[in-house]
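Each chain, written out:
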Amino acid sequence: MVSRTALEAQPDNEPPPEDDHAFFGQPKGLLTLSGLEVWERFSFLGMQAILVLYFADTVAHGGMGMSSGTAASVSAAYGTLVYLVSVAGGWLADRILGSYRAVLWGGILIACGHYAMAVPTPTMTWVGLGLISAGTGLLKPNVATMVGKLYRTDDERRDAGFALYYMAINIGAFAGPLITAWLGDHRGWHWGFSAAAVGMTFGLIQYVAGRRHLAGRRNTAEFALAPDAMRRAVRLIVAGVLVAAVLATALALAGWLTMGRFVDLLTVVSVVAPAVYFAVMFMSPRVTPEERGRLRPYIVLFLASTVFNFILFQAYSTMMLLAASNAETTILGFDFPAGWYASALGAFEVGLAPVVAALWVRMGRRQPHASNKIAIGVVLGGLSFLLMVLPTSGHSGDAYRMSAWWIVGSYFLLGLGDILLETSGMSATTKLAPAAFSSQTMSLWFLSLALANGIQAQTVKLYDDVSKPAYFGVNGAIAVAAGLAVMAAAPWLRRTMHPVH
């Protein structure tokens with residue numbers, strides 16, 4: 001037991017010393033943050049597993065009546081918005097809220113968004129998606145940053161810790177679609193959305209309960225604005241949000257801001273935002289020459305993340321549509337909803353993450369450089385799409401059915417690639433981040449996800465217009481080529497990414 005005196009003497013911003021190896025040799029705060037992400041991923045991916053199916057379903061059956069290509073494009077645009085908002089989330093944490101409060105308020109907005117989507121009207125669907133986008137933008141970059149704060153930069157447990165963190169959150173990615181897809185298939189889509197709401201509520205409860213184990217949990221921002229500047233910033237933010245809402249409503253009523261134009265606008269912003277953000281960090285006087293030098297190789301990692309996640313996110317759009325229309329939904333005599341395929345991805349990541357974490361710990365300094373881990377992940381992502389060329393080829397029409405194992409095999413490759421890329425990428429980001437842009441640099445990593453979704457929002461429009469072998473083959477080949485290019489750049493990346501190993 002820790003005495004009351006010891007707790008009072010402990011600095012408010014640091015966890016107790018005995019926490020450092022309390023969770024499988026990792027800091028105990030990793031358990032709290034992983035527990036939050038279990039429920040956040042349960043709600044987010046549970047909802048996303050059925051979102052594109054809800055959009056594509058007929059109005060008579062409770063859906064939105066969109067074509068497959070449009071449904072996938074709108075779903076990707078929602079993902080774009082989620083990760084674009086993460087830039088604001090990182091800035092708010094660094095300058096106004098602090099990481100702990102940013103994550104707390106983000107979780108509250110996410111829960112409110114899912115509760116809104118449980119209401120069976122199109123208007124509440126769009127309101128809910130807006131709230132979830134805002135909340136995820138606050139929560140996602142700052143949770144990952146808080147994980148990074150549990151470790152010293154040279155701590156060899158760091159990559160293994162991120163692997164365990166990623167394994168834990170994929171428990172939610174596995175469980176979420178099981179619940180939401182079953183409810184969506186048997187009771188209605190909005191019942192599935194309501195399960196996501198309950199899951200996020202559980203996540204918030206355990207996050208607050210485990211607060212004392214977190215590093216960087218102070219109530220003030222780490223790089224807080226001066227009081228006058230903070231008040232001015234808050235006023236400008238509130239005014240900007242209100243003006244944007246009024247303008248968007250007016251343009252929509254006038255018929256100019258259609259869904260298609262909104263999707264295109266988000267794609268443009270997803271391309272421009274990271275370019276501007278990199279430029280700001282390179283020119284900032286608060287970034288030292290050494291930190292600026294580490295940002296250059298980070299651009300390569302950013303682009304690799306974009307290519308891989310362009311493939312990964314289609315596990316919840318085009319792959320889900322393919323599974324619903326052309327894949328068997330029976331394995332060993334057991335029938336299941338098409339949305340359960342999304343759980344296969346989470347299951348593989350749950351099973352493979354501890355294996356990868358143990359391998360890195362065992363190898364120690366002999367493990368592959370972070371850039372090579374990321375490159376292998378990109379190649380595996382491309383192979384997951386190239387695999388789908390085989391079962392979709394040689395058919396005269398679209399009425400065929402492929403074995404469920406093709407989808408499962410594709411998700412196996414994708415899941416392994418995701419573990420290699422995301423854990424190494426997030427870990428490298430927290431090491432390469434300039435001190436003055438710590439949370440915001442993690443937001444920049446999530447901007448690669450926004451860019452991936454932005455590109456996807458345009459590409460998936462072709463899903464109904466080209467053959468399935470061509471669609472999956474071309475996209476997969478591009479990803480494999482990108483991964484091989486990162487491998488070729490490995491010598492330069494090793495020299496310029498110090499202290500990342």
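Below: a short report on this structure. Predicted model only: the values in this text are computed from it and were never measured.

So, on to the pattern of salt bridges. Tallied over the entire structure, the rule returns 4 salt bridges. A salt bridge links Asp264 to Lys461, with the nearest nitrogen and oxygen atoms 3.0 Å apart. You can see Asp264 sitting in helix 9 (residues 259-283) and its partner Lys461 sitting in the loop between helix 16 (438-459) and helix 17 (468-488), a full 197 residues away along the chain. Residue class for Asp264 comes out partly exposed when judged on its relative accessible area of 33%. Relative accessible area serves as the criterion here: at 33%, Lys461 is assigned to the partly exposed category. Residues Arg294 and Glu290 are paired through a salt bridge, measuring 3.2 Å at the closest nitrogen-oxygen approach. Residue Arg294 and its partner Glu290 are both found in helix 10 (residues 289-312); the two are separated by 4 residues, about one turn of the helix. Looking at Glu290, the relative accessible area reads 55%, which means it is exposed.

Since one α-helical turn is 3.6 residues long, residues separated by three or four positions face the same way. End to end, helix 3 (residues 68-97) covers 40 Å across 30 residues, agreeing with the expected 44 Å (1.5 Å per residue, within 8%). Residue Val87 marks the point of greatest curvature in helix 3, where the axis turns by about 25°. Counted residue by residue, helix 3 has 24 buried out of 30 residues, so it is predominantly covered. Just downstream of helix 3, Gly98 is the residue with a positive phi angle, here 85°.

As for its position among the elements, Ser86 is in helix 3. Separated by 359 residues in the primary sequence, Ser86 and Trp445 have C-alpha atoms spaced 9.5 Å apart. From its side chain, Ser86 meets the backbone oxygen of Tyr83 in a polar contact 2.5 Å long.

On to the packing of aromatic side chains, then. Tallied over the full model, the rule gives 16 aromatic pairs. Considering the side-chain rings of Tyr54 and Phe193, the 5.4 Å spacing of their centres and the 85° angle between planes classify their relative orientation as edge-to-face. Placement of Tyr54 in helix 2 (residues 29-56) and of Phe193 in helix 7 (residues 189-209) is noted, with a sequence separation of 139 residues between them. On the accessibility criterion, Tyr54 (2% relative accessible area) is buried. The buried category is assigned to Phe193, whose relative accessible area is 0%. Ring plane angle 85° and centroid distance 5.2 Å describe the contact between Phe348 and Phe412, whose orientation is recorded as edge-to-face. Of the two residues, Phe348 sits in helix 12 (residues 341-363) while Phe412 sits in helix 15 (residues 404-432), which places them 64 residues apart along the sequence. The exposure class assigned to Phe348 is partly exposed, which follows from its relative accessible area of 23%.

Definitions and cut-offs
- Residues numbered from 1 in each chain as written.
- Predicted model: local features only at pLDDT ≥ 70, side-chain atom pairs only at ≥ 80, totals over all residues.
- Heavy atoms only, no water.
- Salt bridge = Lys/Arg side-chain N within 4 Å of Asp/Glu carboxyl O.
- Helix = DSSP H or I, 4+ residues; strand = E, 2+ residues; numbered from the N terminus.
- Buried < 20%, exposed > 50% of the residue type's maximum accessible area, 1.4 Å probe, protein only.
- Expected span 1.5 Å × (residues − 1).
- Bend = angle between axes of the 7 residues up to and from the residue.
- Polar contact = N/O pair within 3.5 Å; in protein donor to acceptor, adjacent residues only side chain to side chain.
- Phe/Tyr/Trp six-rings, centres within 6.5 Å; stacked < 30°, edge-to-face > 60°.

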